[in-house]
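An overview of the molecular structure
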Amino acid sequence: MQMPDGLPAEIDLSRPSAARVYDYFLGGAHNFEIDRQLAEQIAAMTPNLAATMRAGREFLRRAVRTLLDAGIDQFLDIGSGIPTVGNVHEVAQAANPKARVVYVDIDPVAVAHSRELLAGDELTGVIHGDLREPERILAGARDLGLLDFGRPLGILLAGVVHFVPDADRPGDVLATLRAAAAPGSHLVISHSTFEDQPQEMLDAQRLSARTDTEITLRSRAEVTSFFGDWTLLEPGVVHMPLWRPDSPSDVDDHPERFGAFGGVARYDQPTA
């Protein structure tokens, strides 16, 4: 297969990528025919999936704005995929031009495209990393020199923890990331769920097994546990559209149809 210009030769384009499928659903241009074929198969089973992807992006945007209002000016976005319209650094730097963002993704194509798109932006960085190896992600982020882990940090895990199977101990992974953060830091998580979902949505989720990143659906209680002892912000862990909507009209009668929970928590200064 002919490799597109600028992409590493070792990238396997014979297998769809979750990051590129996600980019396709968001209307991005950084995907290939193999990704579009899988996306169309999934969309045929779940016609509202593109809306679900957009709901996830809208949740992330609202969460980032909440963190900015709390004084957070640096962000570690793990599982960022390919930057498309409304990505984290655009939202953050619109409110604070000095905001810094480090993007992390497991997909080498996503990383290659991200580096190309962000070339020349001195306040953003991109590293190739696997959430299952949090120590390596933290070391890589420190090496970039963009983030100060002695100051409050926004850790963003939007639509990525569900790619870590139970066998890889996601609770321990999250504990490692939380332990690296300073008091005042915030953790953002959105995660797919089986709760309140119709069978066709569950069937579509099983197609994720055809990518390198199969999805593990989890309950609200399991998602809540990933925040550890950090203080959950209101309204807690809820279906994504219910998390601080911009207006009541933004929430329809069935917010559960988007198939994912979202929540944000703060690391409060431990008391002696």
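Residues numbered from 1 in each chain as written. Predicted model: local features only at pLDDT ≥ 70, side-chain atom pairs only at ≥ 80, totals over all residues. Heavy atoms only, no water.

1. Comments concerning the overall build of the chain
When its secondary structure is counted, the chain shows nine helices and eight strands. Counting every position in the chain, which comprises 272 residues, the buried fraction comes to 51%. In the chain, the proportion of contacts linking residues at least 24 apart, taken out of those at least 6 apart, comes to 71%. With an accessible surface of roughly 12,400 Å², the chain has 51% of that area assigned to carbon and sulfur atoms. (Helix = DSSP H or I, 4+ residues; strand = E, 2+ residues; numbered from the N terminus. Buried < 20%, exposed > 50% of the residue type's maximum accessible area, 1.4 Å probe, protein only. Contact = heavy atoms within 4.5 Å. Areas by Shrake-Rupley, 256 points an atom, 1.4 Å probe, with all protein chains shown as cover.)

2. Side note on the packing of aromatic side chains
Enumeration according to the criterion identifies two aromatic pairs in this entry. Ring centres 5.7 Å apart and planes at 85° place the aromatic pair Phe 59 and Trp 243 in the edge-to-face group. Of the two residues, Phe 59 sits in helix 3 (residues 49-69) while Trp 243 sits in the loop between strand 7 (238-239) and strand 8 (260-266), which places them 184 residues apart along the sequence. Grouping residues by exposure puts Phe 59 and Trp 243 together as buried. Considering the side-chain rings of Trp 230 and Tyr 267, the 5.2 Å spacing of their centres and the 10° angle between planes classify their relative orientation as stacked. With a gap of 37 residues between them, Trp 230 in the loop between helix 9 (220-225) and strand 6 (231-232) and Tyr 267 in the segment after strand 8 connect regions that are remote in the sequence. Note on Trp 230: relative accessible area 7%, which makes it buried. Sitting over the face of the ring of Phe 149, Arg 142 holds its NZ or CZ atom 4.6 Å from the ring centroid. (Phe/Tyr/Trp six-rings, centres within 6.5 Å; stacked < 30°, edge-to-face > 60°. Lys NZ or Arg CZ within 6 Å of the ring centre and 35° of its normal.)

3. Topic: the side chain of Asp 35
Within the secondary structure, Asp 35 sits in helix 2 (residues 33-45). A relative accessible area of 0% means that Asp 35 is categorised as buried. Once residues lying within four places of it in the same chain are set aside, the contact partners of Asp 35 are Pro 16, Ser 17, Arg 20 and Val 21.

4. So, the pattern of salt bridges
What the rule picks out here adds up to 12 salt bridges. Between Glu 33 and Arg 36 there is a salt bridge, with its nearest N and O atoms 3.5 Å apart. Highlighted residues: Glu 33 and Arg 36, both in helix 2, separated by three residues, approximately one helical turn. Taking the relative accessible area as the measure of exposure, Glu 33 reaches 44% and is therefore partly exposed. The residue Arg 132 makes a salt bridge to Asp 130 at a minimum N-O spacing of 2.7 Å. Taking the relative accessible area as the measure of exposure, Arg 132 reaches 40% and is therefore partly exposed. On the basis of relative accessibility, which here comes to 16%, the residue Asp 130 falls in the buried class. Members of the salt-bridge network, linked through shared partners, are Glu 58, Arg 61, Arg 65 and Asp 246. (Salt bridge = Lys/Arg side-chain N within 4 Å of Asp/Glu carboxyl O.)

5. Concerning the pairing of strand 4 (residues 154-158)
Buried residues dominate strand 4, accounting for five of its five residues. Pairing between strand 1 (residues 74-78) and strand 4: three bridges, direction parallel. Residue pairing for strand 4: Asp 77 is matched across the bridge by Leu 156. Across five bridges, strand 4 lies against strand 5 (residues 186-192) in parallel orientation. Counted as the bridge partner of Ala 158 is Ser 190 from strand 5. Chirality of the crossover, the property in question, places the unit of strand 4, helix 7 (residues 170-179) and strand 5 among those that are right-handed. (Pairing = 2+ DSSP bridges. Right-handed = clockwise from strand over helix to strand, strands pointing away.)

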